[in-house]
Amino acid sequence: MQDYQNPFEMAQAQFDEAASVLGLEPAMKDILRWPRREYSFTIPVRMDDGSVRIFHGYRVQYNDARGPNKGGIRWHPAETIDTIRALAAWMTWKCAVVDIPLGGGEGGIACNPKTLSEGEKERLARGWVRCVARELGEHRDIPGPDVYTTPQIMAWMLDEYETIVGRSHPAGFAGKPPALGGSLGRNEATARGGVYAVREACKALNVDPCGGTFAIQGFGNAGQYAALLHPEILGGGKLIAVSDTSGGIHDSAGLDPKAVVDYKRKTGRLIGFPNAKPIANEDILELDVDILYPAALENVITRENAESIKAQIVCELADGPTTPDADRILHVNGVHVIPDFLANAGGVTVSYFEQVQGLYNYYWTQDDVNRQLDRKMTEAYRVVNQLHHEHKAHMRLAAYLVAIQRVAEAVKLRGWV
Ligand code: NAD
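Bear in mind the structure is a predicted one, so any value in this text is a computation, not a measurement. The residue numbering used here restarts from 1 in each chain and proceeds along that chain's sequence as written. Where totals are concerned, whole chains, interfaces and linings use all residues; where local detail is concerned, this predicted model gives features only for residues with pLDDT of at least 70, and gives and counts side-chain atom pairs only at 80 or more. With hydrogens and water stripped out, all remaining heavy atoms of the structure feed into the side-chain values.

## Focus on the packing of aromatic side chains
Any pair of Phe, Tyr and Trp rings, taking the six-membered ring for Trp, is counted once the centres come within 6.5 Å. Such a pair is stacked with planes under 30 degrees apart, edge-to-face with planes over 60 apart, and tilted for the rest. Under the counting rule described, the total for this entry stands at twelve aromatic pairs. Aromatic pair phenylalanine 353 and tryptophan 364: ring centres 5.1 Å apart, planes at 40 degrees, arrangement tilted. In this pair, phenylalanine 353 sits in helix H12 (residues 345–360) while tryptophan 364 sits in the loop between H12 and helix H13 (366–390), placing the two residues eleven residues apart along the sequence. For the ring pair tyrosine 360 and tyrosine 362, a centre distance of 6.3 Å and an interplane angle of 55 degrees mean the geometry is tilted. Relative accessibility decides the category of a residue: with a 1.4 Å probe and only protein chains considered, values under 20% of the type maximum give buried, values over 50% give exposed, and everything between is partly exposed. Classification of tyrosine 360 by relative accessible area gives partly exposed; the value is 47%. Feature note: the residues Phe15, Tyr62, Trp93, Phe341 and Tyr400 constitute an aromatic cluster, connected by ring pairs. Consider the ring centre and the ring normal. A charge sits over the ring if Lys NZ or Arg CZ is within 6 Å of that centre and within 35 degrees of that normal. Its guanidinium or amino end placed over the ring of tryptophan 416, arginine 36 lies 4.2 Å from that ring's centre, counting from NZ or CZ. The lysine or arginine in question, arginine 265, covers the ring of tyrosine 225, its NZ or CZ lying 5.8 Å from the ring centre. Strands are runs of DSSP state E lasting at least two residues, helices are runs of H or I lasting at least four, and both sets are numbered from the N terminus onward.

## Concerning the domain arrangement of the protein
Split by domain assignment, the protein resolves into domain 1 (37–180) and domain 2 (187–360 + 369–417). Where each domain begins and ends follows an automated or database-derived domain assignment. Computed from C-alpha coordinates alone, the two centres of domain 1 and domain 2 are separated by 24 Å. Whether two residues are in contact is decided by their heavy atoms, any of which lying within 4.5 Å being enough. Between domain 1 and domain 2, the contact holds 35 residues from the first and 34 residues from the second. A simple way to read buried area is as the amount of 1.4 Å-probe accessible surface that goes missing from two parts once joined, with both sides added. For the domain 1 face of the interface with domain 2, the top three residues by lost area are Trp93, Lys94 and Val97, together amounting to 23%. For this document, the term salt bridge refers to a Lys or Arg side-chain nitrogen within 4 Å of an Asp or Glu carboxyl oxygen. Here domain 1 is connected to domain 2 by three salt bridges. Residues lysine 94 and aspartate 319 are paired through a salt bridge, measuring 3.4 Å at the closest nitrogen-oxygen approach. Any N or O atom pair separated by 3.5 Å or less is treated as a polar contact, with the protein-specific requirement of one donor-capable and one acceptor-capable atom, and with residues adjacent in sequence counted only for side-chain atom pairs. At the surface where domain 1 touches domain 2, the tally comes to twelve residue pairs in polar contact (both at pLDDT 80 or more). Those elements that provide at least two residues to the side of domain 1 that touches domain 2 are strand E3 (69–76) and helix H3 (81–97). No other element matches the ten residues that H3 contributes to the side of domain 1 that touches domain 2. Residue polarity is assigned by list, with Asp, Glu, Lys and Arg as charged and Ala, Val, Leu, Ile, Met, Phe, Trp, Tyr, Cys and Pro as nonpolar; anything else, Gly included, falls into the polar class. The residue inventory of the side of domain 1 that touches domain 2, partitioned by class, reads 19 nonpolar, six polar and ten charged.

This is the structure in structure tokens:
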């Protein structure tokens, strides 16, 4: 096995390992290791200075055997069709592992949102929708937020879509602001779901999270809420390091999660937080902590640094942070990995709740959302952990076994294979 620069090759390698354990027939294997449909298009946008700039946009619909495609839209300068394919594949397995009746998709735009004005972002969001509107809708494909896409961006997208089709479709986009039919609890759902899974892992492994330490790489939506919710849900735990693109901060005496979040929201960075020492982004992964949350981007735990990971539990809030080689090293070293498509499934689970609420036009309380999310995450963690023990498989493989069997059953029942 090799470490992967191309995330889709990595997603396929992970799939292949599980498919051979399951003994999938060749046609089933072929249909599940590729996207069913993909769209790639150019989006012309009038910039504030009057010029027109062309952006590259994508949408991949990976597999809709279990229900309409569902998946985020990522705005990132390094966006490629292969990243989107990988994310669409992981979304398919994610929906299946938490057993929600949706398929998987993902979209994106290669752009640097930090250099765009609000007006340019709005025109870009609307432009993306105009390119794929005919492929969207609550019974076809439901986009939601991902890296650098916000509730405001989802609101513009919803508005553009409803303008094109000429009727209300609150269930057609996820991650909207609550005033436009967004679910309460969606913003924090990814981290909340991950922390519920950590709670279950601590019980299974007999780890006391209250007296333990944790660190977070990546301090956007997922990372910030993990910092706040970890002590709240687990009843304790000391945050000792966090990082973002500007660098990291470390304090072995403990950082106050709320103060760090407030500082980041106020200044836009972590560096300079009072009384904390700087730490390099890569070093944060190798700290001696009980629980590590990679919450930034893919390919950060590789065969180069896997031997140095000291955490007992790695909760992958980011998509694809660990390469297949690193997985095996972590497994041999007894590091308990809660794999991305289980650990961060809280986001899509609440997006599904948002779709359900939008479809019957009745909205739940935050307590209803949290309770249902807890039930889904707890059940999913337990099923995966059980297969992990039964097959002596590492946790990612166990999660793949659960998810692939569920999608394969739907494909079979539909008579595709
Ligand atoms: P975000 O845009 O809110 O934040 C990303 C954060 O990562 C930022 O703080 C950024 O500074 C940091 N970052 C980027 N590159 C980095 C690097 N090299 N080192 C350290 N930090 C870096 O994005 P998000 O929504 O929090 O998503 C983070 C990860 O979680 C992504 O992999 C995403 O696919 C995954 N995820 C998010 C959701 C969700 O609902 N937000 C759901 C599922 C998965």
